[in-house]
Amino acid sequence: MQVTIEHLTKRFGETIAVNDLSVTLGDGRLVALLGPSGCGKTTILNMLSGILPATEGRILFDGRDVTALPPEKRNVGLVFQNYALYPHMTALENICFPLEIKKMPKKQRLERAAQLAQLVRISELLYRKPSELSGGQQQRVAIARALAKEPQLLLLDEPLSNLDAKLRVEMREEILRIQRASKVTTVFVTHDQEEASSIADQVVLLKQGVLQQQDTARKLYDEPDNFFVADFLGAPPINKLCGTIEGGKFRFRDSGAAYGLPLRREVADGTAAVLAVRAESVVVPAAGQTLPCRVVERYTIGKDELSILDVEGQRMRGYISGDYPIQKGDALDISFRRKGVFLFDAETGERLS
Amino acid sequence: MKRLEKAARRDRSKLSARAALAPAAFLAPFMTGLAIFTLYPFVNVILISFKEKYKMLTGEFSAFGTENYQAVLGDPNFLNGLRNTGLYVLFVVPAATVIALFLAYLLNKEIKLKGLFQTCYFLPMVTSVTAIGLVWKWMFNYDYGLINYLLSLFGADAVNWLNNPAYNLPALIIYGIWSMLPFTIILLLAGFQNINAQYYTAARADGAKPGKIFLRITLPLLAPTIGLTLIINMISASKVFSELFPLFNGQPGSAYSLYTVVYYLYDAFYVQWKLGRAAASAVILFVIVLALTLVQLFIQRKWKNY
Amino acid sequence: MSRTIAYAILALGALTMVFPFFWMIVSSLKTAAEVNTTPPTFLPESPTFDNYVYAFEKAPFARYFLNSVIVTAACVASTMFTTILAAFAFSRLKFPGRDVLFASLLALMMIPFEMLIITNYQTIVGWKLTDTRWALIIPFTSSIFYTYILRNFFLSIPDSLYYSARVDGASNWRYLWRVMVPMAKPALATIGLLNAITCWNAFLWTVLVTNSPENRTLPFGLYAFMTSSGIRYERLMAAATIVVIPMVILFVCFRKNIVTGVSRGGLKG
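Position numbers for residues start from 1 in each chain and track the written sequence from start to end. Naming scheme: in the order in which they are written, chains are lettered from A and ligands are numbered from 1. Where totals are concerned, whole chains, interfaces and linings use all residues; where local detail is concerned, this predicted model gives features only for residues with pLDDT of at least 70, and gives and counts side-chain atom pairs only at 80 or more. Side-chain figures throughout are based on the complete set of non-hydrogen atoms in the structure, without hydrogens or water.

## With respect to the sheet that holds strand E8 (residues 185-190) of chain A
All names here are of chain A.
Phase 1: Pairing between two strands is assigned when DSSP locates at least 2 bridges connecting them. Secondary structure is summarised from DSSP: a helix means a run of H or I of at least four residues, a strand means a run of E of at least two, and numbering begins at the N terminus for each. The six strands are arranged E6-E7-E8-E3-E9-E10 in an open sheet whose pairing can be described as mixed. The sheet is open, and its two edges are formed by strand E6 (76-79) and strand E10 (210-215), each paired on a single side. The sheet shows a mean angle of 15° between the axes of neighbouring strands, taken without regard to direction.
Phase 2: Two residues qualify as a contact provided that any one of their heavy atoms is within 4.5 Å of a heavy atom in the partner residue. Between N-to-C directions, angles span 0 to 180 degrees; the directions come from axes that are lines fitted to C-alpha atoms, helices contributing only their stretch in contact. Each of E6 and strand E7 (153-157) touches helix H4 (residues 135-148); the most contacted strand, E6, lies at about 165° to it.

Here it is, written out as structure tokens:
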């Protein structure tokens with residue numbers, strides 16, 4: 001099912017949690033609502049489920065306006081951060097509960113529950129109470145319960161944040177697998193860019209209730225619309241080198257050294273700008289435009305060496321291949337690749353290159 | 001499109017109407033009972049207390065005034081009731097609290113058979129005042145009662161607890177202390193259990209002796225609970241009534257000497273059918289309880305930061 | 001204080017508390033002659049159940065017992081019903097003035113019941129319910145105190161359960177009975193027990209509104225037994241035992257529930 005959000009706004013008294021959001025969530029996609037805490041992503045989820053009424057705007061499910069419909073009439077499945085399993089019911093009873101409300105005959109209910117249990121791989125745990133299940137298992141039961149009534153839309157609120165690090169990687173792959181198998185349009189909320197990038201088909205990035213960019217994770221990473229997007233995605237965080245625009249070129253703040261990038265438009269001289277460079281975009285040995293730098297520190301991270309470099313008096317991180325031997329204190333020339341290097345207006349965050 | 005929007009708006013207004021009805025529906029049974037049997041009688045009894053020459057069956061009265069209050073406050077039986085109730089509170093509450101404090105302190109320790117002890121101590125709380133009062137009547141019996149027998153073992157003379165007016169109040173007080181203990185112990189025990197064990201460990205590490213710990217750590221930390229317990233017990237003791245029935249065959253003591261405030265209320269209402277007086281004494285009872293409750297709230301607020 | 005002394009004092013105290021119960025049962029098993037002997041015997045010489053037989057045959061204690069069971073069950077059931085609904089409204093539903101209303105209800109808790117009997121009696125008379133079991137049930141269907149306890153328990157149930165259920169299509173009503181009530185079993189047990197104890201032992205109101213033996217409950221029956229048949233302590237003790245034993249059994253089985261309920265009630269949270 002395709003979800004269309006049109007000019008959606010939510011106000012709580014004076015504060016605006018979601019501001020004029022318009023976005024389309026593709027049919028059968030796994031969509032991530034991504035953003036730092038307080039960006040309004042859970043509010044959007046709650047408006048999608050119908051728990052919260054929208055202040056303005058519309059929500060359309062396959063073109064049908066559901067903005068005024070109460071939760072029970074929207075046919076959505078919802079999984080909470082704390083899973084919200086009914087503690088007095090077994091896993092099986094939890095999964096069957098929505099079906100019981102739908103007055104599905106018992107036999108069918110049990111069949112459906114067995115199918116779902118198989119899908120989320122908890123068949124052998126059906127008779128346990130939530131308190132006897134691990135976090136990951138509770139998560140699976142919660143997803144099965146949400147899928148039980150064959151929702152058109154599955155909503156997951158921070159589905160991985162209550163799990164420990166190792167389980168998190170495993171569960172996110174599970175979510176992807178289950179989503180692919182059930183083919184239900186799925187929206188999950190997360191503040192972890194890695195989580196969003198790794199499994200989502202579509203990432204909707206928000207900041208303080210305002211949409212920043214929405215696209216595939218790759219597109220967001222490679223072609224950020226603004227500084228916030230570039231900065232929010234990627235680990236280690238993108239390098240930020242400060243300076244100004246002079247004569248159509250970026251000039252470093254202290255040294256005045258120039259670095260040229262094709263600009264999208266005319267930019268006035270003296271505009272404060274940020275040269276944002278991904279760590280993996282550092283190239284050694286240098287070719288083309290070169291910049292002299294000094295190695296401040298270096299760490300081994302798996303196959304690569306992550307070095308802290310001093311470039312024109314500013315610090316930045318760069319991956320340097322392990323094949324290229326460098327020492328702390330070495331001076332060397334580097335250059336940047338075209339990909340993963342952006343120029344932003346320092347004040348507005350607008351992308352200039 | 002237009003039609004859809006209209007439908008959506010209609011849905012929304014229907015929704016809010018239903019949302020407003022839900023609380024009313026859920027509260028209706030509760031509020032109905034409350035309005036008829038608490039709120040209305042509360043207001044009505046205050047009104048009745050000011051109605052002069054009020055007739056129960058017709059609801060007629062001559063005028064509004066304070067005649068009932070003057071009559072009640074001039075009635076020796078009521079003054080006697082106030083005095084007896086006051087004495088009862090004055091003896092029973094402190095005595096029960098001190099004994100309960102001591103027992104709760106022991107019960108809070110690491111002891112074996114905790115369950116058994118708790119069962120024994122708390123048992124009287126769940127039993128009918130009428131039934132167990134009857135047992136006390138039997139134990140207070142002049143000729144064959146157990147208490148006089150025990151006294152005789154110590155060479156004391158038999159006391160005519162229930163038929164000599166001089167001993168009626170003491171008998172009531174002994175029974176009162178016994179029956180107040182379970183509830184008081186429970187409250188104080190909960191208070192003891194709320195004290196963080198770290199304080200004790202710290203005090204012991206500082207080399208304080210058990211007696212010192214009790215006086216300097218436990219007692220001050222328990223003070224709010226003790227204060228609260230005292231007030232709650234004072235409120236319940238000032239309503240002393242049901243205990244009189246089994247002990248004195250439904251009379252306020254032998255020779256009508258042991259009126260209490262609530263007994264007076266019962267007597268004026270149900271025996272003499274002087275509703276105005278009964279209402280006035282009920283309002284006076286309420287004022288007493290209200291005053292004690294305000295003290296309780298004050299204590300609770302003052303000690304909240306503990 | 002040494003451990004031994006502590007135990008000795010506790011044992012002595014426990015004995016004092018339990019002794020009236022022991023004495024009640026012992027006396028109820030004695031014959032008329034043995035009851036009135038000095039010094040008293042601490043165990044009946046030839047235990048007899050005659051006194052119980054007498055209580056059940058001469059005074060209709062079976063009838064009283066049945067009435068007590070009916071009235072208590074009806075009281076508990078109706079109180080539970082209104083309490084559950086009201087606690088749900090005060091914890092889960094949102095409506096303007098909710099918290100102000102609840103606070104004013106709490107203030108009503110300090111009205112002593114004794115103050116209300118006059119008008120309540122008039123109401124019962126007006127409804128022509130005097131000397132019926134209804135009169136013992138209807139005035140007690142709403143309890144602010146129990147609603148208060150249950151509301152606090154309901155408040156501790158996370159909102160996400162409610163929203164899950166709503167998304168799953170459950171109505172308020174259904175959510176209340178299928179999720180909240182089963183989860184609140186411990187709190188409900190406590191409330192039910194306290195309520196049952198209060199109903200079972202109620203005396204003052206019972207004396208006011210019932211009269212005929214057909215409608216008396218046990219405490220009033222016992223009192224009537226005492227005033228009508230003269231003081232025969234062995235019989236009275238048998239009758240008292242009949243009144244007391246069910247609550248003793250209840251207490252022994254559910255001590256923890258009752259004790260926590262009482263301490264919560266006393267200290268208000």
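Right, picking up where we left off after that structure.
## Considerations on the sheet that holds strand E12 (residues 249-252) of chain A
Phase 1: A sheet is described by the order of its strands in space; here five strands give the open sequence E13-E12-E11-E14-E20 (chain A), paired in antiparallel fashion. In this open sheet, the two edge strands, each paired with only one partner strand, are strand E13 (258-259) and strand E20 (341-345) of chain A.

## Remarks on the domain arrangement of chain B
Residue and element names in this part refer to chain B.
Phase 1: Domain start and stop positions are those given by an automatic or database domain assignment. Once the domains are mapped, chain B shows domain 1 (2-49) and domain 2 (74-305).
Phase 2: Put simply, the middle of domain 1 and the middle of domain 2, counted by C-alpha atoms, are 42 Å apart.
Phase 3: A 1.4 Å probe defines the accessible area here, and the buried area is the portion of it lost by two parts on being joined, summed over both. For the pair domain 1 and domain 2, the summed buried area comes to about 410 Å², and 90% of that belongs to carbon and sulfur atoms.
Phase 4: A 3.5 Å cut-off defines polar contacts: any pair of N or O atoms within that distance qualifies, except that in protein one atom must be a possible hydrogen donor and the other a possible acceptor, and neighbouring residues in sequence count only when both atoms are side-chain atoms. Taken together, domain 1 and domain 2 are joined by zero residue pairs in polar contact (both at pLDDT 80 or more).
Phase 5: Residue composition of the side of domain 1 that touches domain 2, by class: four nonpolar, one polar and no charged. Residue classes follow a fixed rule: Ala, Val, Leu, Ile, Met, Phe, Trp, Tyr, Cys and Pro count as nonpolar, while Asp, Glu, Lys and Arg count as charged, and any other residue, Gly among them, counts as polar.

## A closer look at the nonpolar core
Phase 1: Definition of nonpolar core: a set of buried residues of the types Ala, Val, Leu, Ile, Met, Phe, Trp, Tyr and Cys, connected through side-chain atoms within 4.5 Å. The buried label applies to any residue whose accessible area, calculated with a 1.4 Å probe on protein chains only, is under 20% of its type's maximum; exposed applies above 50%, and partly exposed to all values in between. In terms of nonpolar packing, the biggest core is built from 230 residues, with B:Tyr121 and C:Phe61 touching the most fellow members.
Phase 2: With 14 residues, the single largest contributor to this core is helix H7 (residues 165-193) of chain B.
Phase 3: When neighbours within four sequence positions are excluded, B:Tyr121 is seen to be in contact with B:Leu103, B:Leu107, B:Pro182, B:Ile185, C:Ile9, C:Leu10, C:Gly13, C:Ala14 and C:Met17.
Phase 4: Formed by 49 residues, the second largest nonpolar core is a distinct cluster that contains A:Leu34, A:Leu116, A:Ile143 and A:Leu220.

## Let's talk about the interface of chain B and chain C
By a frequent convention, interface size equals the accessible area lost on bringing the separate parts together.
Phase 1: Chain B puts 92 residues into the contact, and the matching count from chain C is 93 residues.
Phase 2: When chain B packs against chain C, the two sides together hide about 8200 Å² of surface, and 80% of this comes from carbon and sulfur.
Phase 3: Broken down residue by residue, the surface that chain B buries against chain C is led by B:Phe26, B:Phe37 and B:Trp138, which jointly contribute 11%.
Phase 4: A carboxyl oxygen of Asp or Glu within 4 Å of a side-chain nitrogen of Lys or Arg is what we treat as a salt bridge. For the interface between chain B and chain C, the tally reads zero salt bridges.

## What to know about unusual backbone geometry
The phi angle of most residues is negative, glycine excepted, and most peptide bonds adopt the trans form.
All names here are of chain A.
Phase 1: Looking along the chain, the bond that leaves alanine 235 and enters proline 236 is cis, with omega of -5°.
Phase 2: With respect to the helices, strands and loops of the structure, proline 236 is situated in the loop between helix H8 (227-232) and strand E11 (239-246).
Phase 3: Cis rather than trans, the peptide bond between valine 284 and proline 285 has omega equal to 0°.
Phase 4: Residues other than glycine seldom take positive phi values, yet histidine 7 does so here, at roughly 45°.
Phase 5: Inspection of the secondary structure puts histidine 7 in strand E1 (residues 3-12).
Phase 6: Backbone geometry places glutamate 312, a non-glycine residue, at a positive phi of 50°.
Phase 7: Tracing the sequence through the fold places glutamate 312 in the loop between strand E17 (304-311) and strand E18 (314-321).

## Description of the domain arrangement of chain A
Residues and elements named next belong to chain A.
Phase 1: Here chain A is partitioned into domain 1 (3-231) and domain 2 (239-345).
Phase 2: Computed from C-alpha atoms alone, the centre-to-centre distance between domain 1 and domain 2 is 39 Å.
Phase 3: Taken together, the contacts link nine residues of domain 1 with eight residues of domain 2.
Phase 4: Taken together, both faces of the contact between domain 1 and domain 2 bury some 800 Å²; the carbon and sulfur share is 54%.
Phase 5: The largest share of the area that domain 1 buries against domain 2 comes from Tyr221, Phe227 and Ala230, three residues that together contribute 59% of it.
Phase 6: For the interface between domain 1 and domain 2, the tally reads two salt bridges.
Phase 7: Counting across the interface, domain 1 meets domain 2 through four residue pairs in polar contact (both at pLDDT 80 or more).
Phase 8: When contributions to the side of domain 1 that touches domain 2 are tallied by element, the ones reaching two or more residues are helix H7 (217-222) and H8.

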